[in-house]
Amino acid sequence: MPHLLLIPLILAVLAVFAAPRSSLAQAETPVSQCQMIARSLPAVTFASFSASAALRVQAKANEEVRITYVGHSTFFIETPGGVKIATDYNGWYKPPALPTVVTMNKAHSSHYTTNPEPGIEYVLHGWQDGSEKGADHDVVVGDTYIRNVPTDIRGWGGAMEPNGNSIFIFEVAGLCIGHLGHLHHELTEKQYAEIGRLDVLMVPVDGGLTMGAESMSRVVQRLRSALILPMHRRGPPISQFLSMFGEGFDAVTDDDATVTVSIRNLPKRPTIHILSGV
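Conventions adopted
- Residues numbered from 1 in each chain as written.
- Predicted model: local features only at pLDDT ≥ 70, side-chain atom pairs only at ≥ 80, totals over all residues.
- Heavy atoms only, no water.
- Helix = DSSP H or I, 4+ residues; strand = E, 2+ residues; numbered from the N terminus.
- Buried < 20%, exposed > 50% of the residue type's maximum accessible area, 1.4 Å probe, protein only.
- Core = buried A, V, L, I, M, F, W, Y, C linked by side-chain atoms within 4.5 Å.
- Contact = heavy atoms within 4.5 Å.
- Pairing = 2+ DSSP bridges.
- Axes fitted to C-alpha atoms, helices over the stretch in contact; angles between N-to-C directions.
- Disulfide = S-S within 2.5 Å.

In this section: unusual backbone geometry. Phi is positive for His-72, which is not a glycine, with a value near 55°. On the secondary structure map, His-72 appears in the loop between β1 (65–71) and β2 (74–78). Assessed through its relative accessible area of 8%, His-72 is described here as buried. A positive phi is found at Arg-224, a non-glycine position, where the angle reads about 45°. Structurally, Arg-224 is set in the loop between α4 (213–223) and β11 (227–231).

With that settled, the discussion passes to the nonpolar core. Residues Ile-67, Ile-177 and Leu-229 are the most contacted members of the largest nonpolar core, which totals 55 residues. Here this core gets 5 residues from one element, more than from any other, and that element is strand β8 (residues 160–172). Setting aside anything within four residues of it in sequence, one finds Leu-229 in contact with Ile-67, Phe-75, Val-200, Leu-201, Met-202, Val-203, Val-259, His-273 and Leu-275. In this structure, Ala-86, Tyr-89, Val-102 and Met-104 belong to the second largest nonpolar core, which totals 5 residues.

Attention now moves to the sheet that holds strand β13 (residues 258–261). With mixed pairing, 6 strands are arranged side by side in an open sheet as β5-β4-β3-β2-β1-β13. Looking at which strands have only one partner, the edges of the open sheet turn out to be β5 (122–125) and β13. Taken pair by pair, the neighbouring strands of this sheet meet at an average axis angle of 20°, ignoring direction.

Summed over all chains, the structure comprises 1 disulfide. Between the sulfur atoms of Cys-34 and its disulfide mate Cys-176 the distance is 2.3 Å. Judged by the sign of its S-S torsion, about -110°, the cystine formed by Cys-34 and Cys-176 is left-handed. Taken as a pair, Cys-34 in helix α2 (residues 33–40) and Cys-176 in strand β9 (residues 175–179) lie far apart in primary sequence, 142 residues in all. Side by side, Cys-34 and Cys-176 carry an identical accessibility label, which is buried.

This is the structure:
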């Protein structure tokens, strides 16, 4: 059975084990569902696994997440619990409402701002100022658990800067949603392990500002997410990116900038969904 078809079954099992048991429920150690799902699939090896910095999401099958493409690398994610998230927020592309959370990366000024709007409760940088250690976020906001996996970035001189970018992962409504940020290199086995399973993947398709289409396609194929949302399109037409994928991937072009996702309506085959404005 294809891995994608296992996801609803695995989530149902996790929900049973995650169900509250009297007052002890609040004391249970939280667990990242994205890593648990990946661990349960064959041929997946983890370099590390930490259950102490995660959230066991108790999702209802009918819970939906709205994802709207705002522009460049900014998506606006609206959760069932009312949490609003803007990715790679730069202040230029305005989300339809004030975000609760914004994530940022620093490769270019179009991926961050030093003056976020007042009222944003959580501003999460994908880098650690003054340190090569890398950002480390484990944040629970309402019904959403947000974490990051640091990656390196290419400096203006061409040298690689350790941990200057982050892949942000949002676990909500039983879904694992990942945003690659300004990814400049193919991922290591350790990074794939830290990411775990991603149902929805936001991927730059600029043809070389981040990585070439061939390198980026290998990352996408390895992650094999059910729903792939292109972003950061510059230079070559998106057809160049699509040409990297064979018959195992579907492609959809949408006249709408918003897609509504739930664990029940995920595509059965990996689908590259091109939202309006990309």
